[in-house]
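Structure assessment
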Amino acid sequence: MRTLTAILSLLTIIAAPLCARDTEAAENWNPELYKQIDVITKQTGFQGEIGIDSAASAGFTTIPVGERPKDAPTNKAETLNWRWASVTKQVVAVLVMQEVAKGRIDLDAQVSRYLPKFQSPNARKISVRQLLRHQSGLPNPDDTATGPDGMADYYLPDYRGSRDPLSGYCAGQPKGQPGENWSYNNCDYIVAGALLQAVTGKSWQKLVQQRIAKPLRLKSVKAFPTGGWTRRGTVGGKAEPAIDFAAFDASGGLYGSVFDLLTFDQALLQGRLLPKAQMEVLWEGRPELGYIALGQWVFEAPLKGCDKPTRIVERRGAIGGVQVRNFITPDDRSIVVAFTDNDSFDFGEIWQGSGFSHDLLSAAVCTKGLSE
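Residues numbered from 1 in each chain as written. Predicted model: local features only at pLDDT ≥ 70, side-chain atom pairs only at ≥ 80, totals over all residues. Heavy atoms only, no water.

Re the packing of helix H6 (residues 186-200) against helix H7 (residues 204-216)
Packed helices, taken two at a time, are described by the angle their axes make and the gap between the axes. The condition that has to hold: A fitted line through C-alpha atoms represents every axis, and for helices the fit uses only the stretch in contact; the resulting angles, taken between N-to-C directions, go from 0 to 180 degrees. Numbering of helices and strands runs from the N terminus; a helix is a DSSP stretch of H or I covering at least four residues, while a strand is a stretch of E covering at least two. To sort the angles, those under 35 degrees are grouped as roughly parallel, those over 145 as roughly antiparallel, those from 65 to 115 as roughly perpendicular, and the leftovers as oblique. Only heavy atoms matter for contacts: two residues are in contact if any of them lie within 4.5 Å across the pair. Any residue outside Ala, Val, Leu, Ile, Met, Phe, Trp, Tyr, Cys, Pro, Asp, Glu, Lys and Arg is labelled polar, Gly included; the first ten of those are nonpolar and the last four are charged.
Interaxial distance between H6 and H7 falls to 8 Å at its minimum, and their mutual angle equals 70 degrees. By the angle between their directions, the pair H6 and H7 is classed as roughly perpendicular. Residues Gly193, Leu196 and Thr200 of H6 pack against Trp204, Leu207 and Arg211 of H7. Classifying every residue of the contact of H6 with H7 by side-chain character gives three nonpolar, two polar and one charged.

Written out as structure tokens, the structure is:
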């Protein structure tokens, strides 16, 4: 399936409502880009779906790679839904920053100002900014005991503990003190979801629909446990175990198509979701903290074919056997998204100058490299 002919036969160019240049996309295909993607996917064994919006792709492009699931409901790429996993954190961070823009949330205020019933010993010490930057010291559900299938107990359908954001597991014994070096932690965004509800009176899921999905016409975007077909993954070459996806809540509960994720990213770039001042704060990568920003990482790295280092916004995620990478390059306004249903696939690290992510971004962003 991963021949150039197969990729081109599966290629779907979709006219996105927010992208002016898409009206000419069909006439501006760059065959060199798709040749490079063919080489990259063959070399790495990638299977899944790739989405690109850049000058090289001449608009929104979604490229399914590998066998299509037999239970997929339609042949249209825009309805092939994936778990967005921790890309959900990126979306939730935008919702929080919208409240910051309205003056209803202060990033440097204590979380307890908005959640007075939060029972964590750290509640009166954590700032909202620290919560979004994984500097809260809260416990991580990933650390709960694992069963024979390797999945943390917190995410299993028969979990017997409490998942209440204010009094359950996330309010338990902290792992550290707020303000220390960042430590990845799903509780941070589970609590952030509760904070949004306390401030707005609406669940984070409803806010996603009202403020993002509806205005941007993202028809596929939903949150678990809402019913809907989503692509399943493999763990260690076997079907992934049973997972209670709703347990991820605001840390990883969204799902949708590659097309809709491209549309969300583009709306961010266009300033349709946040004012400029809040965008700058959202994408302020801190070098001393490994370039972590709010709900994502922002850094510069050299790409093959680009004249100078490229500023990159990266959000990655994984649940069960599904992995995702969401890349935005703000200066040239390019977007690259990749989903795979193989938990062992190695995306590589961009800063190392090689590997799937580096090579895919180079092909999509650095048009000079297409002819090299």
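From this point, the narrative continues.
Focus on the state of the cysteines
Heads up, the rule is: Pairs of cysteine sulfur atoms within 2.5 Å are identified as disulfides in what follows. To sort residues, take the accessible area from a 1.4 Å probe on protein chains only and compare it with the maximum for the residue type: under 20% means buried, over 50% means exposed, and anything in between is partly exposed.
The full count for this structure, using the stated rule, is two disulfides. Two residues, Cys170 and Cys187, share a disulfide whose sulfurs are 2.1 Å apart. Between Cys170 and Cys187, the S-S torsion sits near -85 degrees, and that sign places the bridge as left-handed. Residue Cys170 is found in the loop between helix H5 (128-132) and H6, and its partner Cys187 is found in helix H6; the two are separated by 17 residues along the sequence. Residue class for Cys170 comes out buried when judged on its relative accessible area of 1%. Described in terms of the sequence order of its bonded cysteines, the disulfide pattern of the protein is 1-2, 3-4.

Points about the nonpolar core
Rules: For our purposes a nonpolar core is just a set of buried Ala, Val, Leu, Ile, Met, Phe, Trp, Tyr and Cys residues, chained together by side-chain atoms within 4.5 Å.
Within the largest apolar cluster, 86 residues are counted, with the highest numbers of intra-cluster contacts made by Phe264, Leu282, Trp283 and Phe339. In this structure, Phe264 is in contact with Val91, Val94, Ile212, Leu216, Leu218 and Leu273, ignoring residues within four places of it in sequence. Of all hydrophobic cores here, the second largest spans 30 residues; its members include Tyr34, Phe347, Ala364 and Cys366.

Topic: the pairing of strand E11 (residues 322-329)
For the record, the criterion: At least two bridges found by DSSP between two strands are what make those strands a pair.
Here E11 lies mainly inside the structure; eight of its eight residues are buried. Residue alternation in E11 divides its side chains into two sets, Val322, Val324, Asn326 and Ile328 and Gln323, Arg325, Phe327 and Thr329, and both sets are buried. Across seven bridges, the pairing between strand E10 (residues 310-319) and E11 is antiparallel. Across the sheet, the residue bridging to Ala318 is Gln323, located in E11. Following E10, the chain reverses through two residues before pairing antiparallel with E11; Gly320 in that reversal takes a positive phi of roughly 60 degrees. As paired elements, E11 and strand E12 (residues 334-340) share seven bridges and run antiparallel to each other. If you follow Phe327 over to E12, its bridge partner there is Val336. In this structure, the hairpin formed by E11 and E12 is closed by a connection of four residues, where Arg333 is found at a positive phi of approximately 60 degrees.

Concerning the sheet that holds strand E8 (residues 254-256)
Strands in a sheet are paired, the pairing made by backbone hydrogen bonds, and the direction either parallel or antiparallel. Spatially, E4-E8-E5 is the arrangement adopted by the three strands of the open sheet, whose pairing is antiparallel. The open sheet terminates on both sides in strands that have one partner only, identified here as strand E4 (82-83) and strand E5 (222-223). Relative to E8, E5 runs antiparallel, the two sharing two bridges. Bridge assignment links Ala223 to a residue of E8, and that residue is Leu254.

Quick look at unusual backbone geometry
Backbone torsion omega between Phe224 and Pro225 reads 10 degrees, so that peptide bond is classified as cis. The topology assignment puts Pro225 in the loop between E5 and strand E6 (234-235).

With respect to helix H3 (residues 87-101)
Inclusion rule: Under the convention used throughout, the expected extent of a helix is 1.5 Å for every residue step, that is, one less than its residue count.
Across its 15 residues, H3 extends 21 Å between first and last C-alpha, which sits within 8% of the 21 Å expected from 1.5 Å per residue. Burial analysis of H3 places 14 of its 15 residues in the buried class, the great majority of the element. Looking at the residues trailing H3, positive phi occurs at Gly103, about 80 degrees.

A word on the side chain of Asn122
Secondary-structure assignment places Asn122 in the loop between helix H4 (111-114) and H5. Judged by its relative accessible area of 2%, Asn122 is buried. Among all residues touching Asn122, those that are not within four sequence positions of it are Ser136, Gly137, Leu138, Pro174, Gly176 and Pro178.

Let's talk about the environment of Ile292
Along the chain, Ile292 falls in the loop between helix H9 (276-282) and strand E9 (297-301). For Ile292, a relative accessible area of 1% corresponds to the buried category. Ile292 sits 22 residues away from Glu314 along the chain, and the two C-alpha atoms are 9.5 Å apart. Apart from the residues within four sequence positions on either side, Ile292 is in contact with Arg133, His134, Trp182, Glu284, Gly285, Arg286 and Trp297.

Thoughts on the pairing of E12
The buried fraction of E12 amounts to seven of the seven residues, a majority that puts the element mostly inside the structure. Burial of E12 is two-sided: the residues Ser334, Val336, Ala338 and Thr340 facing one way and the residues Ile335, Val337 and Phe339 facing the other way are all buried. Summarising the sheet, strand E2 (residues 48-54) and E12 pair through six bridges and their orientation is antiparallel. Paired with Ile50 across the bridge in E12 is Ala338.

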